[in-house]
Protein chains: 2
Amino acid sequence: MKSDVKEVRSHCPVNFALEAVGDRWALLILRDIVFRGKRSYSEFLKSEEGFATNILASRLEHLMACGILTRAEAADDARKAVYSLTAKGLDLVPLLFEMVLWSAKHDPLSEAARIPRLVELIEKNNRKVSAKAMETVRQGEGILRDYVA
Amino acid sequence: MKSDVKEVRSHCPVNFALEAVGDRWALLILRDIVFRGKRSYSEFLKSEEGFATNILASRLEHLMACGILTRAEAADDARKAVYSLTAKGLDLVPLLFEMVLWSAKHDPLSEAARIPRLVELIEKNNRKVSAKAMETVRQGEGILRDYVA
């Protein structure tokens, strides 16, 4: 019988987080949900970084195995699956926001220039703006629309 | 002639950060430097997650190409290389700290239990405790010794 706890190489807290989301494709799925309100396989496939179908499918499975995502039938179409962040997944929002802040500072061509208020709020109090964002995402919406200048 | 700016798939700020450090091995190198004060190839090799030599070498090169690490000769041995975080690399400390916080909350076996004060400080004001940590790392020390209970 397999253990409920996914086996990890070490319980160093940095390593633990990395085994869950230390893969760019996994984190791009989370970005799509948090910022853009995407929920379905076909929506993720359209992202500009170009998911390969097998990678997208394996990362969705991985995130579910880690307890970060759940899958359910769409309310309007039982054949369609919609993915949602669990509470554990929503707790990754501050991590995504720190990435935004770092890139805003270090990428001269950053699209973060389109969301100056969000960048400022993250710098000032990430915990606070994350709590607000989590609430929006919990309701199935993406947060980008609230911040695009 | 190659551009100075590394080509990325998109300038979405999450993707930009991921192209730099969206790989668990790259981030484990940063962890080793920040928390443990490791500086050399042979020290990184000893980490419990088990770097393969080719992966370690390629990730060190990648982090240098991204402007996150620099390499210099050791003061006491010109044949030995020591790696240091640049200012751009040090700015990743708050991101590492958010990982620690997330794992402390979601890994029941987390070694973060050994650093309760750091976890508390990150939750309260990551920006502030990160600034202090960056100063320690800038001086070539790891921060773990300051926080192990």
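Attention here is on the structure that accompanies the text. (Residues numbered from 1 in each chain as written. Chains lettered and ligands numbered in written order. Predicted model: local features only at pLDDT ≥ 70, side-chain atom pairs only at ≥ 80, totals over all residues. Heavy atoms only, no water.)

1. A few points about the overall build of chain A
Across its full length, chain A holds 8 helices and 2 strands. Along chain A, from the amino end to the carboxyl end, the secondary structure elements read α-α-α-α-β-β-α-α-α-α. For chain A, whose C-alpha radius of gyration is 16 Å, the value lies close to the compact-globule estimate of 15 Å for 149 residues. Counting only C-alpha atoms, chain A reaches 50 × 40 × 30 Å along its principal axes. Taken across its 149 residues, chain A has 52% of its residues classed as buried. At a minimum sequence separation of 6, the contacts of chain A that also span at least 24 residues come to 53%. Of the accessible surface of chain A, which amounts to about 7300 Å², a share of 52% is contributed by carbon and sulfur atoms. If you average the places of the 23 positive and of the 21 negative side-chain charges in chain A, the two averages end up 1 Å apart. (Helix = DSSP H or I, 4+ residues; strand = E, 2+ residues; numbered from the N terminus. Rg over C-alpha atoms; globule rule 2.2 N^0.38 Å. Buried < 20%, exposed > 50% of the residue type's maximum accessible area, 1.4 Å probe, protein only. Contact = heavy atoms within 4.5 Å. Areas by Shrake-Rupley, 256 points an atom, 1.4 Å probe, with all protein chains shown as cover. Lys, Arg positive; Asp, Glu negative; His and termini not counted. Charge placed at Lys NZ, Arg CZ, Asp CG, Glu CD.)

2. Comments concerning the packing of helix H6 (residues 93-106) of chain A against helix H7 (residues 116-138) of chain A
All names here are of chain A. Running from amino to carboxyl end, H6 crosses H7 at an angle of 160°, the nearest separation of the two axes being 9 Å. When the interaxial angle is binned, H6 and H7 end up roughly antiparallel. As H6 packs across H7, the resulting crossing turns out to be right-handed. Side by side, H6 and H7 meet where Val-93, Pro-94, Phe-97, Glu-98, Val-100, Leu-101 and Ala-104 of the first sit next to Leu-118, Val-119, Ile-122, Glu-123, Asn-126, Arg-127, Val-129, Ser-130, Ala-133 and Met-134 of the second. (Axes fitted to C-alpha atoms, helices over the stretch in contact; angles between N-to-C directions. Parallel < 35°, antiparallel > 145°, perpendicular 65-115°, else oblique. Left-handed = near helix turned anticlockwise from the far one by under 90°.)

3. Concerning the nonpolar core
Counting 96 residues, the largest nonpolar core has A:Ile68 and B:Ile68 as its most contacted members. Not counting the four nearest positions on each side in its chain, B:Ile68 is found in contact with A:Trp102, B:Ala20, B:Val21, B:Leu30, B:Leu63, B:Ser84, B:Leu85, B:Thr86, B:Gly89 and B:Leu92. (Core = buried A, V, L, I, M, F, W, Y, C linked by side-chain atoms within 4.5 Å.)

4. Brief notes about the pattern of salt bridges
Two side chains carrying opposite charge are able to pair once their charged atoms lie near each other. Residue and element names in this part refer to chain A. Counting across every chain of the model gives 28 salt bridges over all chains. Two residues, Asp-32 and Arg-31, come together in a salt bridge whose shortest N-O distance is 3.0 Å. Of the two residues examined, Asp-32 and Arg-31, each falls in the buried class. The residue Glu-49 makes a salt bridge to Arg-31 at a minimum N-O spacing of 2.7 Å. Of this pair, Glu-49 sits in the loop between helix H3 (41-45) and helix H4 (53-65) while Arg-31 sits in helix H2 (residues 24-36), and the two are 18 residues apart along the sequence. On the accessibility criterion, Glu-49 (3% relative accessible area) is buried. Relative accessible area serves as the criterion here: at 1%, Arg-31 is assigned to the buried category. The structure contains a network of salt bridges with shared partners spanning Arg-31, Asp-32, Arg-36, Lys-38, Glu-48 and Glu-49. (Salt bridge = Lys/Arg side-chain N within 4 Å of Asp/Glu carboxyl O.)

5. Some remarks on the interface of chain B and chain A
Listed per partner, the contact involves 48 residues of chain B and 48 residues of chain A. Here chain B and chain A share an interface that buries about 4300 Å² over both sides, 65% of which is from carbon and sulfur atoms. For chain B, the biggest contributors to the area lost against chain A are B:Arg24, B:Trp102 and B:Arg127; these three give 17% of the whole. Where chain B meets chain A, there are 6 salt bridges. Where B:Asp91 meets A:Lys105, a salt bridge forms, and the shortest distance between an N and an O atom there is 2.9 Å. (Buried area = accessible area lost by both parts, 1.4 Å probe.)

6. What about the relation of the copies chain B and chain A?
Relating one copy of the chain to the other requires a rotation about an axis plus a shift along that axis. Superposing chain B onto chain A requires a rotation of 180° together with a translation of 0.0 Å along the rotation axis, leaving an RMSD of 0.0 Å. Interpreted geometrically, this transformation is the action of a two-fold axis. Most of the interface of chain B is mirrored in chain A, where 100% of its interface residues again form contacts. (Least-squares fit on C-alpha atoms with pLDDT ≥ 70 in both.)

7. What to know about the packing of aromatic side chains
Tallied over the entire structure, the rule returns 8 aromatic pairs over all chains. Both rings, one in A:Phe44 and one in A:Tyr83, keep their centres 6.2 Å apart while their planes meet at 50°; by these two values the pair is tilted. Here A:Phe44 is found in helix H3, whereas its partner A:Tyr83 is found in strand E2 (residues 77-85), with 39 residues between them in sequence. Using a relative accessible area of 0% as the deciding quantity, one classes A:Phe44 as buried. With a relative accessible area of 6%, A:Tyr83 lands in the buried category. Ring centres 6.0 Å apart and planes at 35° place the aromatic pair A:Trp102 and B:Phe16 in the tilted group. Of this pair, A:Trp102 sits in helix H6 while B:Phe16 sits in helix H1 (residues 13-21), each in a different chain. B:Phe16 gets classed as buried once you look at its relative accessible area, which sits at 11%. Of note, A:Arg24 hangs over the ring of A:Trp25, and the distance from its end group to the ring centre comes to 4.6 Å. (Phe/Tyr/Trp six-rings, centres within 6.5 Å; stacked < 30°, edge-to-face > 60°. Lys NZ or Arg CZ within 6 Å of the ring centre and 35° of its normal.)

8. Here's the deal with the side chain of B:Lys38
Residues and elements named next belong to chain B. When you line up the elements, Lys-38 lands in the loop between helix H2 (24-36) and helix H3 (41-45). Overall, the relative accessible area of 14% leaves Lys-38 in the buried class. A polar contact of 3.2 Å, which involves the side chain of Lys-38, links it to the backbone oxygen of Glu-43. Excluding anything up to four places from it in sequence, Lys-38 contacts Asp-32, Ile-33, Glu-43, Phe-44, Lys-46 and Ser-47. (Polar contact = N/O pair within 3.5 Å; in protein donor to acceptor, adjacent residues only side chain to side chain.)

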